[in-house]
Amino acid sequence: MADEDKYPSETGRRRFVKGVVGAGSLAAVGTGAAAAINTATSPTGAGGGITTFKGIANTDGPAPRGMPIVPVEIQDDGTIKGVWPEVKEVEEAGRTIQIAEMELGGVTYTSEWFQYCGVQTYAGIQPSYESDNLFKSAPSPPYAWQEEVYGEGDPINIRDFQDYRTFSTGIGKAGLGKPAMCTWRSEEGENTIPVQVLRAPQVERLAQEDEFMAAATDQGVMAWLDKCTHFCCVPAYKAYAQSANFGAANKVYCQCHQSVYDPFEIVEKSFVALPRPE
Ligand code: FES
């Protein structure tokens, strides 16, 4: 993974991002520390601070927390869309700023869930960024089926996931769903937001058991922002043979430093979301 993906901005920004990431571990300490962080960051950005999100669990390796869920909606034509929260204007420290936020499945779903690893600087994370919000096939996906069916930028479609109950990527067990690697809200192309999409019988089960997953999934399809919370590489579900060496053949595995995530274990976590540049 290129360095700019870990710290994707110019030198000045990099110092700033690193400082806040370091301070992020204070999130669990209490609101006093968090208020200090917010005060320190507010002059240089908008819409950061303590955020509670729903994500797929980090089960092994150095990553500090799970990766956030992107709620999905399947359109009438079968294309699959990531739900973007409603855009609102709020007062923050005497200024009017835009936020994207909505109630979904019993939690507050906000664009702040995705404001880490430099994504907070991407055009697509701006609340009012214009996008069709469709998940589009990523360049060089790690799945042979996806390379055969789609070209880069093609919207993925539920009709191509019909074999999700028996599908095998060739890694680990079959029958644990059909994955695709996508981009989202990245029409301008310079910084692409990576999203992993997965249609699995296990997701249908989660939707029956969990209010949030009932609202955030559709026909057994789920998605998450695919930025490892360790150093921002792009992990993948059942894509890499070496994942078996780390007990991750049936999980989401990050090749950079062997973090492992379980897409079927949904957790609620807090972290300090980084502010968007103005
Ligand atoms: S484990 Fe280090 S970037 Fe993913």
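Residues numbered from 1 in each chain as written. Predicted model: local features only at pLDDT ≥ 70, side-chain atom pairs only at ≥ 80, totals over all residues. Heavy atoms only, no water.

Draft legend 1. Quick peek at the overall build of the protein. Assigned secondary structure in the protein consists of six helices and 14 strands. By residue count, 52% of the 278 residues in the protein fall in the buried class. Accessible surface for the protein amounts to roughly 11,800 Å². Of this, 46% is attributable to carbon and sulfur atoms. (Helix = DSSP H or I, 4+ residues; strand = E, 2+ residues; numbered from the N terminus. Buried < 20%, exposed > 50% of the residue type's maximum accessible area, 1.4 Å probe, protein only. Areas by Shrake-Rupley, 256 points an atom, 1.4 Å probe, with all protein chains shown as cover.)

Draft legend 2. A look at the sheet that holds strand β7 (residues 107-110). One open sheet accounts for three strands, arranged β5-β6-β7; its pairing is antiparallel. At either end of the open sheet lies a strand with only one pairing partner, and these are β5 (87-92) and β7. On average, each strand axis in the sheet is inclined to that of its neighbour by 50°, with strand direction left out of account. In the sheet, β5 pairs with strand β6 (residues 95-104) via six bridges, with the strands oriented antiparallel. Looking across to β6, one finds that Glu89 is bridged to Gln98. (Pairing = 2+ DSSP bridges. Axes fitted to C-alpha atoms, helices over the stretch in contact; angles between N-to-C directions.)

Draft legend 3. View of the pairing of strand β1 (residues 49-60). As defined by bridge partners, β1 adjoins strand β14 (residues 260-273) across eleven bridges and the pair is classed as antiparallel. Within the sheet, the bridge partner assigned to Lys54 lies in β14 and is Glu268. Two elements, β1 and strand β2 (residues 67-68), share two bridges in a ladder whose sense is antiparallel. Within the sheet, the bridge partner assigned to Ile56 lies in β2 and is Met67. In this structure, the hairpin formed by β1 and β2 is closed by a connection of six residues, where Gly61 is found at a positive phi of approximately 85°.

Draft legend 4. Layout of the side chain of Lys136. Examined against the element boundaries, Lys136 turns out to sit in strand β8 (residues 136-137). Only 3.1 Å separates the side chain of Lys136 from the side chain of Asp132, close enough to count as a polar contact. Contact partners of Lys136, with chain neighbours within four places excluded, come to Gly153, Asp154, Pro155, Met181, Cys182, Thr183 and Glu187. (Polar contact = N/O pair within 3.5 Å; in protein donor to acceptor, adjacent residues only side chain to side chain. Contact = heavy atoms within 4.5 Å.)

Draft legend 5. Region of the structure containing the sheet that holds strand β10 (residues 193-199). If you walk across this open sheet you meet the four strands as β8-β9-β10-β11, and the pairing is antiparallel. Because the sheet does not close on itself, it has two edges, and the strands there are β8 and β11 (221-225). Summarising the sheet, β10 and β11 pair through five bridges and their orientation is antiparallel. Paired with Leu198 across the strands is Met222, a residue of β11.

Draft legend 6. A look at unusual backbone geometry. One non-glycine residue with positive phi stands out, namely Cys117, at about 60°. Among the secondary structure elements, Cys117 is positioned in the loop between β7 and β8. Even without being a glycine, Arg185 presents a positive backbone phi close to 50°. Take Arg185: it is sitting in the loop between β9 (178-184) and β10.

Draft legend 7. Molecular detail of the state of the cysteines. Here the structure, examined in full by the defined rule, presents two disulfides. With a sulfur-sulfur separation of 2.0 Å, Cys117 is cross-linked through a disulfide to Cys232. For the disulfide bridge between Cys117 and Cys232, the dihedral angle about the S-S bond is near -85°, and by the sign convention the bridge is left-handed. On the criterion of sequence distance, the pair formed by Cys117 in the loop between β7 and β8 and Cys232 in the loop between β11 and β12 (236-237) is long-range, its members being 115 residues apart. Each member of the pair, Cys117 as well as Cys232, is classed as buried. (Disulfide = S-S within 2.5 Å.)

Draft legend 8. Seen up close, the environment of Tyr237. Tracing the sequence through the fold places Tyr237 in strand β12. Judged by its relative accessible area of 0%, Tyr237 is buried. When the C-alpha positions of Tyr237 and Lys251 are compared, they lie 5.5 Å apart, and in sequence the two are 14 residues distant. Non-local contacts of Tyr237, meaning those with residues more than four positions away in its chain, are made with Tyr143, Leu176, Pro179, Gln196, Leu198, Trp224, Asn250, Lys251, Val252, Pro263 and Phe264. In terms of polar contacts, Tyr237 uses its side chain to reach the backbone carbonyl oxygen of Leu176, at 2.6 Å.

Everything listed is a geometric property; what it means functionally is a separate question.
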